[in-house]
Amino acid sequence: MNGFEKRREQKKKQILQSLIDMIMTRNFKEIGVREIAQHAGVSPASIYNFFGSKEELAKEIFYHQIEESGKEFSLVMNSAIPFEDKMSKMYEVSVNNQETLNSEGIKNFMFEDPAFKEHVEDYARNVVIPELMKLIEQGKAEGKIKGGVSAEAIMIFMNGIMTMLSEPSFAEKLNVNVRKDLGKLFLYGILGKREEGN
């Protein structure tokens, strides 16, 4: 990579990081391209040159965030620890993820955007569900859960959540505590009840 390409990549990273800093606590619709550019120390034209639009810039960030969360999820799923420890770790990761995003931040996820929805659904189908199915098998092998939930049922459940999230009136109610409760319902509804006191 030559000097020009390095500077170009650095500028692109600055833009991405600037919007990441903003959208975790603020409503995306209120953030202008000029403000993002000023925060990143670049010209507004750079944002259009790199990403085409503010919306496409945001999508790239969201895809990156999904992949980073997925890496952490897969790391836990493929570790050599008992089923119950994996459950506890997954719940901890879920809670931490919800706490990094306030009620304004969650509104930034463009659940109604068809391309975004398709990306999330593909990721669920190809990464999340296979890992969950492995975890179910581990739980059965260790005698911690009986039976299990089919991949088809998990996909229908996740698609139902995505459909609800695309409704603005539903998204308005997603404060941190509600999101934590939804995470608990998802994890322990699929993988068995939580131990008392946890």
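Below is a summary of the structure that appears in this document. (Residues numbered from 1 in each chain as written. Predicted model: local features only at pLDDT ≥ 70, side-chain atom pairs only at ≥ 80, totals over all residues. Heavy atoms only, no water.)

1. Here's the deal with the overall build of the protein chain
To be explicit about the condition: Only DSSP runs of H or I with at least four residues qualify as helices, and only runs of E with at least two residues qualify as strands; both kinds are numbered from the N terminus onward. Partly exposed describes any residue whose relative accessible area lies between the buried limit of under 20% and the exposed limit of over 50%, with all areas from a 1.4 Å probe on protein chains only and scaled to the type maximum. Note on contacts: a residue pair qualifies if any of its non-hydrogen atoms lie within 4.5 Å across the two residues. For accessible areas, the Shrake-Rupley method is used with a probe of radius 1.4 Å. Any residue's cover is judged against the shown protein chains and nothing else.
When helices and strands are tallied, the protein chain shows 10 helices and zero strands. Along its sequence from the N terminus, the protein chain presents helices and strands in the succession α-α-α-α-α-α-α-α-α-α. A total of 198 residues make up the protein chain; the buried ones form 40% of that total. Expressed as a percentage of contacts within the protein chain between residues at least 6 apart in sequence, the contacts between residues at least 24 apart total 71%. With the model as given, the accessible surface of the protein chain reaches about 11400 Å², and the carbon-plus-sulfur share is 52%.

2. A closer look at the nonpolar core
Note the cut-off: Only buried residues count toward a nonpolar core. Its members are Ala, Val, Leu, Ile, Met, Phe, Trp, Tyr and Cys residues joined through side-chain atoms within 4.5 Å.
By size, the foremost hydrophobic cluster in this structure holds 49 residues, and its most contacted members are Ile15, Leu19, Leu57, Met90, Leu132 and Leu191. Among the secondary structure elements, those contributing two or more residues to this core are helix 1 (3-23), helix 2 (33-40), helix 3 (44-51), helix 4 (54-77), helix 5 (83-99), helix 7 (114-141), helix 8 (151-165) and helix 10 (176-191). The residues contacting leucine 19, other than those within four sequence positions of it, are Phe28, Ile31, Ile36, Leu57, Ala58 and Ile61.

3. Here we look at the side chain of lysine 54
Convention followed: Two residue types count as positive, namely Lys and Arg, and two as negative, namely Asp and Glu; His and chain ends fall outside the count. Note on definitions: salt bridges are taken to be side-chain nitrogens of Lys or Arg within 4 Å of carboxyl oxygens of Asp or Glu. Polar contacts, as used here, are pairs of N or O atoms within 3.5 Å; protein pairs need one atom able to donate a hydrogen and one able to accept it. Residues neighboring in sequence count only if both atoms are side-chain atoms.
With respect to the secondary-structure elements, lysine 54 resides in helix 4. Despite its burial, lysine 54 pairs with no opposite charge, the nearest such side chain being glutamate 55 at 4.9 Å. A distance of 2.6 Å separates a polar atom in the side chain of lysine 54 from the backbone oxygen of isoleucine 31.

4. Observations regarding the pattern of salt bridges
Summed over the entire model, instances satisfying the criterion amount to eight salt bridges. Note that glutamate 60 is salt-bridged to lysine 12, the shortest N-O span being 3.8 Å. Residue glutamate 60 is located in helix 4, and its partner lysine 12 is located in helix 1; the two are separated by 48 residues in the primary sequence. In this structure, the salt-bridge partner of glutamate 56 is lysine 59, at a minimum N-O distance of 3.1 Å. Taken together, the residues span about one helical turn, with glutamate 56 and lysine 59 both in helix 4 at a distance of three residues.

5. Remarks on helix 2
This is how the line gets drawn: The arc in question is traced by the directions running from the helix axis to the C-beta atoms.
All buried positions along helix 2 are accounted for by Val33, Ile36, Ala37 and Ala40. Buried positions in helix 2, seen along its axis, are confined to an arc of 100° and lie on one side of it. Pointing more than 90 degrees away from the buried face of helix 2 are the exposed residues Arg34 and Gln38. Where the residues of helix 2 are buried, they touch helix 1, helix 3 and helix 4. Directly after helix 2, the chain includes glycine 41, whose backbone phi takes a positive value near 75°.

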